[in-house]
Every structure is written in C-alpha cells, then in structure tokens.
Amino acid sequence: MDPHPQLLESLRRAKHVVVLTGAGVSAESGLATFRDKQSGLWEKFDALELATPAAFAKDPPLVWGWYEWRRAAVLRAQPNGAHKAIADMANAVPRLTLVTQNVDDLHERAGSPSVLHLHGQLAHPYCEHCRRGYEFRSAEMSNLPQEGYRMEPPRCESCGGRVRPGVVWFGEPLPAAEWHAALGAAEAADVFFCVGTSSTVQPAASLTDIAIEAGALTVQINPNATEVDAKVAFAYRAPAGEMLPQIVRRAWSKG
Ligand code: BV8
Ligand code: ZN
C-alpha cells in the first residue's frame, strides 16, 4: 500500500506531528493486544476485568502475577519497525509529540526521546498507601514468572503498604500532566497518526476526534477496520511495522 503523495508532502511541511499509539504498535514485537484472547492462567478472564482496582483488591496475587508476567514478556521483546520509524520521524520534523496508551517501554527502547504514557507504565509500580514509586527494569523485587501464575505483590520499603502495578486501571483518572499535554498536542497537530488502537477506550480515543476538529491531516494505520476509518483523511489497512517505515522512507529518504 503506497503512502499518498499528499500525506508525504504534508509531513515534509509539518511543524508539529502527533502520534497516538495503542497495543497494535507492539503486536509485531510479539506482545498480546487487549483484543487478543488472554493465555495461560488468565485465559478465562477478559483483560478489561483484570485491569481494574476491584480485581486487584479481590485477588492481589492474580492481578500482580498478570502484570509481572506481561512485564517479563516486555523484557523479552524487542522494539519493531513501527517503534523505530516513530523515533526516526521525531528526528525529521521540527516537533513530534508521541502519546501512547501502552504500558510497555518499547517506544523508549526504540529511541523516542519523550513519550506521554496516558495509561501508566509497567516498569513504574508504586505503593498503594504512601504512593512511593519504584522502578522495575529487571527482575528486582520479584522473581519474574516464566509462565503466568499468582504472585504476592511486594511490600513498600518505606511504609509496608502493598505495591501496585503502575498503570491506570478502568475507573481511574489519567495522569493530569500527560493528559493535558496530549490534549494540547492534538489541538495543535499538523499531521495526526492513530496507530494500532481499537479506539475503544476514553478519553484517549477522543484525541483523534479533537485532532480532526482542529484541522489536522489525520491518518489511521491498522490492519483491521475501526470506526475511525470513516473519519480520517487516510486509512491504511496494514501492519504498523510495515506502513510506518515506508511512510518515513518515502517522506524523507534522500534519493
Ligand atoms: C476514566 C492500562 C474517569 C492498563 C488501560 C462505562 C462504564 C465504566 C467506565 C466507562 C464507561 N464508558 C467509558 C468509560 C471510561 C473507561 C472506558 O473507556 N471504558 C471502555 C472499556 C468503554 N475509561 C476509563 O476508565 C479511563 N478512566 O475514564 O476515568 C475518572 C475521572 C476522574 C476521576 C476518576 C475517574 C481509564 C482507561 C484506562 C484503562 N487502562 N490500559 C493495562 O494495560 O492493563 S486501557 C487499554 O485498553 C489500553 O491502554 C488501551 O487504552 C485500551 C484499548 O487497547 P488498544 O491499545 O486499543 O488495544 P486493543 O487490543 O483494543 O486494539 C489493538 C488494535 O491494534 C486493534 O485495532 C488491532 O486491529 C490493531 N493491530 C493489531 N496488530 C497490529 C495492529 N495495528 C497496527 N499494526 C499491527 N501489527
Ligand atoms: Zn508505602
């Protein structure tokens, strides 16, 4: 699928490009998306049920185990062409704002200089009680499960409270600074990409509508149809790991 010349021209002229990503951008790195059926211990659960304060309160080891299992999968995964193309694009345009719904660190590991995590990060759990933050970059503070199973959440070193996953669960507010920065970027974007998301969760999904209303040239990259297809200027029914590198190459490659 060839990127449209108008998109390539708009990218070359753009002052501010905004990219919104979802789980689909990490799919080619082998990480399950929310649409995918859960596996192992969690196959009888829907992710939407597990990603809630109620689930963690009801069965902390089940939910903590799920997040540590996902964190182990992220540690084993590598950034793919989509993550790298977004990092390259940041070097090709005057300003690029990257907004992600993902809790993995593959954008950072691909070289993106700043990432707005609207839904938190697996590597940043914090104490439920005193909110002291922790940084999990490897297997510290909990031996990582090889396959999924229950795991007792660690205790806070300051107050003994329970440490919880550093993500935003359903029913929890988004981090205010990240949300306001994402809003401002969507309103100021010359080109807005919506990549690898089912656009089913609010308020993150509304960023695409805000960019459209503000007059950005909007693009969706997703191998499956979503309701965003009808709203955007260009909808590429393709995997992000193929389409984004092609767009970046065709817009800025010398020769
Ligand atoms: C809030 C972190 C208010 C956790 C996530 C009714 C009842 C109750 C609540 C609500 C309701 N209606 C709306 C709400 C609000 C609710 C919501 O939107 N619910 C939905 C389910 C209807 N939202 C919230 O609760 C938010 N908070 O509103 O707070 C508030 C305000 C003040 C004070 C108190 C409260 C918080 C939402 C955040 C939830 N956390 N993640 C974790 O990771 O475990 S959400 C999670 O699912 C993701 O982060 C993402 O946002 C969302 C959807 O996931 P996607 O990334 O889109 O992935 P998905 O699997 O869905 O799709 C993958 C896509 O990739 C597919 O389209 C596929 O085709 C595509 N794809 C596949 N392969 C590729 C590809 N694309 C490209 N290339 C490929 N190779
Ligand atoms: Zn504490």
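Calculation rules
- Residues numbered from 1 in each chain as written.
- Chains lettered and ligands numbered in written order.
- Predicted model: local features only at pLDDT ≥ 70, side-chain atom pairs only at ≥ 80, totals over all residues.
- Heavy atoms only, no water.
- Donors = N, O, S within 2.8 Å, 3.2 Å for Na, K, Ca; no water.
- Tetrahedral: all angles 85-135°; square planar, octahedral: opposite > 155°, others 65-115°.
- Helix = DSSP H or I, 4+ residues; strand = E, 2+ residues; numbered from the N terminus.
- Buried < 20%, exposed > 50% of the residue type's maximum accessible area, 1.4 Å probe, protein only.
- Salt bridge = Lys/Arg side-chain N within 4 Å of Asp/Glu carboxyl O.
- Near = heavy atom within 4 Å.
- Polar contact = N/O pair within 3.5 Å; in protein donor to acceptor, adjacent residues only side chain to side chain.
- Areas by Shrake-Rupley, 256 points an atom, 1.4 Å probe, with all protein chains shown as cover.
- Phe/Tyr/Trp six-rings, centres within 6.5 Å; stacked < 30°, edge-to-face > 60°.
- Lys NZ or Arg CZ within 6 Å of the ring centre and 35° of its normal.

Peer 1: In this structure, what is going on with the coordination of the zinc ion (ligand 2)? I would like to understand it.
Peer 2: The textbook angles at a metal center are 109.5 degrees for a tetrahedron of four donors and 90 or 180 degrees for an octahedron of six. Within the first shell, the zinc ion (ligand 2) binds the protein through C127 (SG), C130 (SG), C156 (SG) and C159 (SG), at distances of 2.2 to 2.3 Å. Given 4 donor atoms and angles of 99 to 118° at the metal, the environment of the zinc ion (ligand 2) is assigned as tetrahedral. In primary sequence terms, the donor set of the zinc ion (ligand 2) follows C-x2-C-x25-C-x2-C. Of this pair, C127 sits in strand β4 (residues 126-127) while C156 sits in the loop between β4 and β5 (163-164), and the two are 29 residues apart along the sequence. C127 sits in the buried class, given a relative accessible area of 0%.

Peer 1: Explain the pattern of salt bridges to me, please; I cannot follow it from the model alone.
Peer 2: Side-chain pairing between opposite charges can occur once the charged atoms of the two side chains come close. Here the structure, examined in full by the defined rule, presents 12 salt bridges. Of the charged contacts, one joins R250 and D2 as a salt bridge, the two residues approaching to 3.3 Å between their closest N and O atoms. Placement of R250 in helix α9 (residues 240-252) and of D2 in the segment before α1 (5-13) is noted, with a sequence separation of 248 residues between them. The class of R250 is partly exposed, set by a relative accessible area of 37%. Assessed through its relative accessible area of 56%, D2 is described here as exposed. The partner of R71 in a salt bridge is E68, and the shortest N-O contact between them spans 2.8 Å. Of this pair, R71 and E68 both sit in helix α4 (residues 60-76), 3 residues apart, which is roughly one turn of that helix. For the pair R71 and E68, a shared accessibility class is recorded, and that class is buried. Salt bridges sharing common partners tie together E9, R12 and R13.

Peer 1: Which parts of the structure should I look at to understand the site of ligand 1?
Peer 2: Around ligand 1 sit 33 residues, and of these F34, R35, Y67, Q101 and S198 come closest. Y67 is positioned with one of its side-chain polar atoms (N or O) 2.6 Å from an oxygen atom of ligand 1. One of the backbone N or O atoms of G171 is found 2.7 Å from an oxygen atom in ligand 1. Burial of ligand 1 by the surrounding chains reaches 72%, relative to a free accessible area of 1,500 Å².

Peer 1: Explain the packing of aromatic side chains to me, please; I cannot follow it from the model alone.
Peer 2: When we look at a pair of aromatic rings, we describe it by the centre distance and by the angle of the planes. According to the stated counting rule, one finds 5 aromatic pairs in the structure shown. Taking the centre distance of 5.3 Å and the plane angle of 40° together, the rings of F56 and W169 count as tilted. You can see F56 sitting in helix α3 (residues 53-58) and its partner W169 sitting in the loop between β5 and α7 (176-188), a full 113 residues away along the chain. Per residue, the accessibility class of F56 equals that of W169, and both read buried. Take W169: its relative accessible area is 3%, and that puts it in the buried class. Three or more aromatic residues joined by ring pairs form one cluster here, namely F56, W66, Y67 and W169. Stacked on the ring of W66, the Lys or Arg R70 has its end atom at 4.5 Å from the ring centre. Looking at R164, its charged tip hangs above the ring of W169, at a distance of 3.9 Å from the centre.

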